[in-house]
Structures are given as C-alpha cells and as structure tokens.
Amino acid sequence: GAYFIVAARALGLDTGPMSGFDNAAVDAAFFADTPSVKSNFISTLGYGDPATIFERLPRPEFGKFNRID
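Read on for an overview of the structure. All values derive from a computational prediction rather than experimental measurement.

**Details of the overall build of the protein chain**
Right, so step 1: Along the protein chain, the regular secondary structure elements total three helices and two strands.
Right, so step 2: Each helix (α) and strand (β) of the protein chain, taken in turn from the N terminus, gives the series α-β-α-β-α.
Right, so step 3: Dimensions of the protein chain, computed from the C-alpha atoms along their principal axes, are close to 55 × 35 × 20 Å.
Right, so step 4: Every one of the 69 residues in the protein chain was classed for burial, and the buried ones make up 14%.
Right, so step 5: The contacts in the protein chain between residues at least 6 apart in sequence include a share of 60% that link residues at least 24 apart.
Right, so step 6: For the protein chain, the exposed surface amounts to about 6,200 Å²; the carbon and sulfur share of it is 61%.

In structure tokens, the structure reads:
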C-alpha cells in the first residue's frame, strides 16, 4: 500500500488511503471470483480539487522532539 501511495504522489496524483471499511463486503463485491484475493485497504486516486484539499497541519520545530549529540 505504501509503495502505491508513494508512486502515485510521485506522479502528481492525490491519494486518500482509508481503513476501517467492511473488508468482507468489498471482497464479495470485487473479488467473488478470486477467493484467494483479499482487500487490505482502499484508496481514492486522482487529481483533487484544490478548494477541498486539507492544508498540511502545523509541524513542531525540529528541536522540540529531536536532539543531535
């Protein structure tokens, strides 16, 4: 999943990975003919509308949680 997200973002695409969904329902809907395939996560993929994309949350300064000895 992480490689998928990194590759998509490297190509300039927006991703929205999600967990906490009903895996059994997704598997029944999309993988009924291939019972050995199971869903792990789902993700949106595409170009998001800049007006609806959340801004990055503030990050603490490096020195607040890190120390170089």
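**Points about the side chain of Thr 15**
Right, so step 1: Residue placement: Thr 15 occurs in strand E1 (residues 14-18).
Right, so step 2: Engagement of the side chain of Thr 15 in a polar contact is seen with the side chain of Arg 9, the distance being 2.9 Å.
Right, so step 3: Setting aside its immediate chain neighbours within four residues, Thr 15 contacts Ile 5, Ala 8, Arg 9, Ser 43, Thr 44 and Leu 45.

**Remarks on the side chain of Ser 39**
Right, so step 1: Mapped onto the elements of the fold, Ser 39 is located in the loop between helix H2 (23-30) and strand E2 (42-46).
Right, so step 2: At 2.8 Å, the side chain of Ser 39 and the side chain of Asp 27 are in polar contact.
Right, so step 3: Apart from residues no more than four positions distant in its own chain, Ser 39 is found in contact with Phe 21, Asn 23, Val 26, Asp 27 and Phe 31.

About the criteria used
Residues numbered from 1 in each chain as written. Predicted model: local features only at pLDDT ≥ 70, side-chain atom pairs only at ≥ 80, totals over all residues. Heavy atoms only, no water. Helix = DSSP H or I, 4+ residues; strand = E, 2+ residues; numbered from the N terminus. Buried < 20%, exposed > 50% of the residue type's maximum accessible area, 1.4 Å probe, protein only. Contact = heavy atoms within 4.5 Å. Areas by Shrake-Rupley, 256 points an atom, 1.4 Å probe, with all protein chains shown as cover. Polar contact = N/O pair within 3.5 Å; in protein donor to acceptor, adjacent residues only side chain to side chain.

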